[in-house]
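Coordinate inspection notes
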Amino acid sequence: MKHHIIVKYNALVTDKQAMQAEIEQFFAPAGEIEGVHRVSFYPNCIPVENRFDLMIVLEMDKEALPNWNTSKLHLQWKEQYGRYILSKAIFDCE
């Protein structure tokens, strides 16, 4: 399945490209989590204020979602990057 994390940065993020590079580096070990196979990043290409900024897509076995949710990486993501996020949406699909 694909687990989408779609984020809109808050005003603390002044360089969206630098933030994306940092997030990509942060997510690099995601494939080490059992059942997680790949992570991809899709930045917004339309610089309009009412758009979200980045979509992170984790490809994983459907049964691996609890592994992701309780992983150290996921908990650190929320702790370290939550302060930069104005809003987010989570969407899962097959």
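What comes next concerns the included structure. (Residues numbered from 1 in each chain as written. Predicted model: local features only at pLDDT ≥ 70, side-chain atom pairs only at ≥ 80, totals over all residues. Heavy atoms only, no water.)

Within the protein chain, the regular secondary structure consists of three helices and four strands. By the compact-globule yardstick of 12 Å for 94 residues, the protein chain fits well, its C-alpha radius of gyration being 13 Å. Overall size of the protein chain, expressed as C-alpha extent along the three principal axes, is 35 × 25 × 20 Å. When contacts within the protein chain are restricted to residue pairs at least 6 apart in sequence, those whose partners lie at least 24 apart make up 71%. Counting only carbon and sulfur atoms, one obtains 52% of the accessible surface of the protein chain, whose full area is about 6,000 Å². Here the protein chain contributes 10 positive and 13 negative side-chain charges, whose respective centroids are spaced 6 Å apart. (Helix = DSSP H or I, 4+ residues; strand = E, 2+ residues; numbered from the N terminus. Rg over C-alpha atoms; globule rule 2.2 N^0.38 Å. Contact = heavy atoms within 4.5 Å. Areas by Shrake-Rupley, 256 points an atom, 1.4 Å probe, with all protein chains shown as cover. Lys, Arg positive; Asp, Glu negative; His and termini not counted. Charge placed at Lys NZ, Arg CZ, Asp CG, Glu CD.)

Turning next to the sheet that holds strand β2 (residues 36-43). Strand order in the open sheet formed by four strands is β2-β3-β1-β4, with antiparallel pairing between adjacent strands. This sheet does not close on itself; its edge strands, each paired only once, are β2 and β4 (85-93). Direction aside, the axes of adjacent strands within the sheet are offset by 15° on average. The sheet contact formed by strand β1 (residues 2-9) and β4 spans eight bridges and is antiparallel. In the sheet register, His4 faces β4, and the bridge partner there is Phe91. (Pairing = 2+ DSSP bridges. Axes fitted to C-alpha atoms, helices over the stretch in contact; angles between N-to-C directions.)

Counting 25 residues, the largest nonpolar core has Ile23, Phe27, Trp68 and Trp77 as the members making the most contacts within it. Elements supplying a minimum of two residues to this core: β1, α1 (16-27), β2, β3 (54-60), α2 (65-69) and α3 (72-81). Non-local contacts of Trp77, meaning those with residues more than four positions away in its chain, are made with Ile5, Val7, Ile23, Phe26, Phe27, Ile56, Gly82 and Ile85. (Core = buried A, V, L, I, M, F, W, Y, C linked by side-chain atoms within 4.5 Å. Buried < 20%, exposed > 50% of the residue type's maximum accessible area, 1.4 Å probe, protein only.)

Residues separated by three or four positions in an α-helix point in the same direction, a consequence of the helix having 3.6 residues per turn. End to end, α1 covers 16 Å across 12 residues, agreeing with the expected 16 Å (1.5 Å per residue, within 8%). Among all positions in α1, only Met19, Gln20, Ile23, Phe26 and Phe27 are buried. Mapping the buried residues of α1 onto a view down its axis gives an arc of 120°, with all of them on the same face. Exposed residues on α1 whose side chains face more than 90 degrees from its buried face are Gln17 and Gln25. Residues of α1 that are buried make contact with β1, β2, β3, α2 and α3. (Expected span 1.5 Å × (residues − 1). Arc of directions from axis to C-beta.)

Right, let's talk about the packing of aromatic side chains for a bit. Counted according to the given criterion, the structure contains eight aromatic pairs. Both rings, one in Phe27 and one in Phe41, keep their centres 6.1 Å apart while their planes meet at 75°; by these two values the pair is edge-to-face. One end of the pair, Phe27, is in helix α1; the other, Phe41, is in strand β2, with 14 residues separating them in the sequence. Judged on exposure class, the residue Phe27 and its partner Phe41 are both buried. Each ring, one from Tyr81 and one from Tyr84, has its centre 6.2 Å from the other, and the planes form 50°; the classification is tilted. The exposure classification of Tyr81 matches that of Tyr84, with both residues buried. (Phe/Tyr/Trp six-rings, centres within 6.5 Å; stacked < 30°, edge-to-face > 60°.)

As far as function goes, none of this settles anything; it's purely spatial.
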